[in-house]
Amino acid sequence: MSQTTMQQVIITEPGGVDKLAYETVTIPEAKADEVLVKVHAFGINRPDILQRQGLYPMPAGVTQVPGLEVAGEVVAIGAEVTQFKLGDKVCGLTNGGGYAEYCVVPQSQTLHIPENVSFVEAAAIPETFFTVWANVFQMGKAKAGEVVLVHGGTSGIGTTALMLCKALGIKTFATVGSDEKVQAIANLTDAINYKTQDFEHEINERTENAGVDLILDMVGAPYLEKNLNLLRRDGRLVYIAFLGGAKAKEVKLGQIMMKRLTITGSTMRARNTAEKAEIAQGLQNHVAPLWAKGECLPMIYQTFDFDQIQAAHACMDTGEHVGKIVVKIL
């Protein structure tokens, strides 16, 4: 590879989209267990927005360049890499640094892209599918025949969870913020506009007061009481964010005990390499066959060119997207 430098996006200081800028740097080298990917597309995710705002910094010792998922071609491999070769088309969950023309990704967090999947679609896979598989299926133990409620149903995480649940025989409900969004995912789920309807009342009515087995929540404190009310015996409440508030004033402990409820949650950034490798293996075994058949592919809301990174972030800031926002690098 003759090229030695690349463009990457940096956050000049915490703030709005105007704090995103470009710089020219040396292309990184793959360590023994890494692949170097020539990036053709990368996804925009909510943690990127929080990082830009100074609310979710990268851990110490990790690149401060944002970007958690990429898709492209392998152009170099480390000495210990055995699963990939030069020229392979891959997508990967990065440890940061995805907003760039080249990015190193641990072998264990990299997936082969099926032939029928584009780079844009593949770039929208890692962050959301890793998150959903870990929280809904590994921690949440969702299984066929159960009922799952997904808050934030039109987000990248939300649409991914709904698609996977549908494919695996799990009935779902979702909360969204407009009637347009209800219609946008009507083919995936039974959606409820939380701004005009009480989602607890609606779900009780639609389930004949049977409730749900699992709730994936990114809203947090404001929904806690209704979530606990809706969960069936042995129900699970899994938190992946708390966009509506992190501190609940009151918790009905008796209800948790009587119904044997489990309340848990996680972040992807805090997981170690072995844990991410286990998630990747689960996706490879159970979900990759669906992608190869053209099923459960990400919903792409809008794509932007690499020189439009501020516009891409502004698009997510509006909260109007249904599915994923992706940046292309030609």
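Residues numbered from 1 in each chain as written. Predicted model: local features only at pLDDT ≥ 70, side-chain atom pairs only at ≥ 80, totals over all residues. Heavy atoms only, no water.

Identification of the protein chain as NAD(P)H-quinone oxidoreductase from Acinetobacter johnsonii is taken from an unreviewed UniProt entry.

1. A word on the packing of helix α3 (residues 126-139) against helix α9 (residues 273-286)
Two numbers describe how α3 lies on α9: the axes approach to 10 Å, and their chain directions differ by 90°. If you check the angle between α3 and α9, you find them roughly perpendicular. For the pair formed by α3 and α9, the contact residues are Phe129, Phe130, Trp133, Ala134 and Gln138 on the first element and Lys276, Glu278, Ile279, Ala280, Gly282, Leu283 and His286 on the second. (Axes fitted to C-alpha atoms, helices over the stretch in contact; angles between N-to-C directions. Helix = DSSP H or I, 4+ residues; strand = E, 2+ residues; numbered from the N terminus. Parallel < 35°, antiparallel > 145°, perpendicular 65-115°, else oblique. Contact = heavy atoms within 4.5 Å.)

2. Re the packing of α3 against helix α4 (residues 156-167)
One way to put it is that α3 packs onto α4 with a least axis distance of 9 Å and a crossing angle of 60°. As far as their axial angle goes, α4 and α3 are oblique. Considering the relative orientation of α3 and α4, their crossing is right-handed. Residues Glu127, Thr128, Phe129, Thr131, Val132, Val136 and Phe137 of α3 form the contact with α4, whose own contacting residues are Gly156, Ile157, Thr160, Ala161, Met163, Leu164 and Cys165. Its residues assigned to classes, the contact of α3 with α4 comprises 9 nonpolar, 4 polar and 1 charged. (Left-handed = near helix turned anticlockwise from the far one by under 90°. Nonpolar A, V, L, I, M, F, W, Y, C, P; charged D, E, K, R; others polar.)

3. Let's talk about the UniProt feature "domain: Enoyl reductase (ER)" (unreviewed entry) in the protein chain
When the UniProt feature table is mapped onto this chain, "domain: Enoyl reductase (ER)" (unreviewed entry) is found at residues 15-327. The annotated region residues 15-327 carries 30% helix and 27% strand content, and the separation between its end C-alpha atoms amounts to 20 Å. (UniProt positions renumbered as here; feature names shortened; annotations may be inferred.)

4. With respect to the pattern of salt bridges
Taken as a whole and assessed by the stated rule, the structure comprises 14 salt bridges. Here the residues in one salt-bridge network are Glu13, Asp18 and Lys19, joined through shared partners. (Salt bridge = Lys/Arg side-chain N within 4 Å of Asp/Glu carboxyl O.)

5. Comments concerning the packing of aromatic side chains
Following the criterion strictly, the structure yields 6 aromatic pairs and no others. Taking 5.5 Å as the distance between ring centres and 80° as the angle between the ring planes, the aromatic pair formed by tyrosine 22 and phenylalanine 306 counts as edge-to-face. One end of the pair, tyrosine 22, is in strand β2 (residues 20-26); the other, phenylalanine 306, is in the loop between β14 (300-305) and α11 (309-318), and 284 residues separate them in sequence. Grouped by ring-pair contacts, the aromatic residues Tyr22, Phe42, Tyr99 and Phe306 constitute a single cluster. For lysine 226, the ring lying beneath its charged end belongs to phenylalanine 199, and the centroid distance is 6.0 Å. Geometry around tyrosine 56 places arginine 269 over its ring, the cationic atom sitting 4.0 Å from the centre. (Phe/Tyr/Trp six-rings, centres within 6.5 Å; stacked < 30°, edge-to-face > 60°. Lys NZ or Arg CZ within 6 Å of the ring centre and 35° of its normal.)

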